[in-house]
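# Geometric and topological summary
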Amino acid sequence: MRTESFDFDEIVDQAHFFHQFCQRFALADLTVTDLDGLWEVVKASVIPLPLEINFIHLGKGQKRRYEALILLFEEAEEELEGQLRFSIR
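Residues numbered from 1 in each chain as written. Predicted model: local features only at pLDDT ≥ 70, side-chain atom pairs only at ≥ 80, totals over all residues. Heavy atoms only, no water.

Before going further, it helps to examine the pairing of strand S2 (residues 51–56). Burial runs high along S2: 5 of the 6 residues are buried. Where strand S1 (residues 2–7) lies against S2, 6 bridges are found, and the strand directions are parallel. Across the sheet, the residue bridging to aspartate 7 is isoleucine 56, located in S2. Inspection of the sheet shows S2 paired to strand S3 (residues 84–88) by 5 bridges, in the parallel sense. Across the sheet, isoleucine 53 pairs through a bridge with phenylalanine 86, a residue of S3. (Buried < 20%, exposed > 50% of the residue type's maximum accessible area, 1.4 Å probe, protein only. Helix = DSSP H or I, 4+ residues; strand = E, 2+ residues; numbered from the N terminus. Pairing = 2+ DSSP bridges.)

Further remarks concern the side chain of glutamine 20. Of note, glutamine 20 is situated in helix H1 (residues 14–24). The class for glutamine 20 is buried, based on a relative accessible area of 11%. Not counting residues up to four positions away in its chain, the partners in contact with glutamine 20 are Phe6 and Ile11. (Contact = heavy atoms within 4.5 Å.)

The geometry of an aromatic ring pair comes down to the distance between the two centres and the angle between the two planes. In this structure the tally under the stated criterion is 15 aromatic pairs. Ring geometry for phenylalanine 55 versus phenylalanine 86: centroids 4.9 Å apart, planes at 90°, classification edge-to-face. In this pair, phenylalanine 55 sits in strand S2 while phenylalanine 86 sits in strand S3, placing the two residues 31 residues apart along the sequence. One exposure class covers both phenylalanine 55 and phenylalanine 86, and it is buried. The interplanar angle of 15° and the centroid separation of 5.5 Å between the aromatic rings of phenylalanine 73 and phenylalanine 86 together place this pair among those described as stacked. Note that phenylalanine 73 is positioned in helix H4 (residues 67–79) and phenylalanine 86 in strand S3, a separation of 13 residues in sequence. (Phe/Tyr/Trp six-rings, centres within 6.5 Å; stacked < 30°, edge-to-face > 60°.)

So, on to the side chain of glutamate 52. Along the chain, glutamate 52 turns up in strand S2. Among the polar contacts listed, one links the side chain of glutamate 52 to the side chain of arginine 89, at a separation of 3.2 Å. With sequence-adjacent residues up to four places away left out, glutamate 52 is seen in contact with Met1, Arg2, Thr3, Glu4, Arg85, Ser87 and Arg89. (Polar contact = N/O pair within 3.5 Å; in protein donor to acceptor, adjacent residues only side chain to side chain.)

The residue arginine 65 is located in helix H3 (residues 60–65) in this model. Distance from arginine 65 to phenylalanine 8, taken between C-alpha atoms, is 11 Å for residues 57 residues apart in sequence. Once residues lying within four places of it in the same chain are set aside, the contact partners of arginine 65 are Val12 and Asp13. A polar side-chain atom of arginine 65 sits 2.9 Å from the main-chain carbonyl oxygen of valine 12.

Treat this as a map of the structure, not an account of what it does.
Structure, rendered in structure tokens:
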């Protein structure tokens, strides 16, 4: 299972996260610019599955700031039934 970690000490905003996500998964043809686009990429299995995604260095204030992003990955984890694992460390 491939593991990707996103370090929120380095990520400055949601747009920066989308950019990093696209780079990590070589999504040059599919530019993700919002949560709907991210959901489509994750649900359509454009990214390699099985996959583990970790958010690291995510402080309390950042958890509130990125709440919709966190919820998206939690829901994707449920819907993809073991093909995607998500954690916050």
